Amino acid sequence: MTITATTLVTGAGGMVIIGGIASHDLEALMEGDIDTQHNDMRKPSTVLAKIGDTMPGLGIVAAVLGIVITMQAIDGPAGEIGKKVAAALVGTFLGIWMCYGFIQPLACNLEIAGETEMQVFEVVKAAIAAFARGFSPLVCVEFARRSIPTETRPEFTEMETHVKEKS
């Protein structure tokens with residue numbers, strides 16, 4: 001079962017409301033959920049990267065097989081030998097292109113997308129953990145804001161203005 005931000009909030013919020021867990025234990029519990037989800041999200045990109053790693057090897061196998069086939073026709077016309085060598089080189093090219101031009105970039109993008117999605121859970125965890133420690137809602141929002149990566153983090157004044165507009 002994958003967790004969502006909603007299930008993380010409701011599960012942790014329920015624990016806070018019933019008061020059945022210390023704040024540091026709640027944070028550890030949420031961290032365990034996030035780590036499990038993160039490991040699950042990494043699996044597809046890891047498998048895809050391993051498949052990509054094999055592609056240059058398959059290209060080399062194609063080249064060797066192409067040369068073996070070429071050697072069988074070595075006493076034939078030059079045009080025929082050229083076609084067989086070209087086929088061997090195409091196999092090598094395809095193996096390298098599939099790895100570095102398609103599969104590895106796809107695996108990398110999949111990994112980045114998973115990391116980006118996991119950042120949401122870290123922000124939610126920071127807010128809930130601060131709430132469980134007894135901080136005011138505005139301070140909880142500040143804890144959450146500071147866990148947002150710096151390239152997308154709003155300034156404190158932006159956050160404060162937005163919160164005041166919602167009040």
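Refer to the structure printed above.
I will try to describe carefully the structure that is included in this document. These numbers come from a predicted model, not from an experiment.

About the thresholds
- Residues numbered from 1 in each chain as written.
- Predicted model: local features only at pLDDT ≥ 70, side-chain atom pairs only at ≥ 80, totals over all residues.
- Heavy atoms only, no water.
- Helix = DSSP H or I, 4+ residues; strand = E, 2+ residues; numbered from the N terminus.
- Rg over C-alpha atoms; globule rule 2.2 N^0.38 Å.
- Buried < 20%, exposed > 50% of the residue type's maximum accessible area, 1.4 Å probe, protein only.
- Contact = heavy atoms within 4.5 Å.
- Core = buried A, V, L, I, M, F, W, Y, C linked by side-chain atoms within 4.5 Å.
- Axes fitted to C-alpha atoms, helices over the stretch in contact; angles between N-to-C directions.
- Parallel < 35°, antiparallel > 145°, perpendicular 65-115°, else oblique.
- Left-handed = near helix turned anticlockwise from the far one by under 90°.
- Nonpolar A, V, L, I, M, F, W, Y, C, P; charged D, E, K, R; others polar.

A tally of regular secondary structure across the protein chain gives 5 helices and 0 strands. Reading the secondary structure of the protein chain in the N-to-C direction produces α-α-α-α-α. In terms of C-alpha radius of gyration, the protein chain reaches 27 Å, well past the compact-globule figure of 15 Å for 167 residues. In terms of its C-alpha atoms, the protein chain occupies a principal-axis envelope of roughly 85 × 35 × 20 Å. For the protein chain, the proportion of its 167 residues judged to be buried stands at 26%. When contacts within the protein chain are restricted to residue pairs at least 6 apart in sequence, long-range pairs at least 24 apart make up 65% of them.

The next point concerns the nonpolar core. Membership of the largest hydrophobic core is limited to 11 residues, which are Ile3, Leu8, Ala12, Leu26, Met30, Ile34, Met118, Phe121, Val124, Ile128 and Ala129. Going through the elements one at a time, α1 (5-18), α2 (23-72) and α3 (78-132) are the ones with two or more residues in this core. Sorting elements by how many residues they give to this core places α3 first, with 5 residues. Not counting residues within four places of it along the chain, the set of residues in contact with isoleucine 128 comprises Leu8, Val9, Ala12, Leu26 and Met30.

Remark: α1 packs on α3, axes separated minimally by 10 Å, with the N-to-C direction vectors making an angle of 15°. On the basis of the axis angle, α1 is roughly parallel to α3. Taken as a pair, α1 and α3 cross one another with a handedness that is right-handed. For the pair formed by α1 and α3, the contact residues are Ala5, Leu8, Val9, Ala12 and Val16 on the first element and Val120, Phe121, Val124, Ile128, Phe131 and Ala132 on the second. Its residues assigned to classes, the contact of α1 with α3 shows 11 nonpolar, no polar and no charged.

Of all the residues in helix α4 (residues 137-146), the buried ones are Cys140, Glu142, Ala144 and Arg145. Looking at the buried residues of α4, the elements they touch are α3 and α5 (156-166).

Geometric values such as these leave the question of function open.
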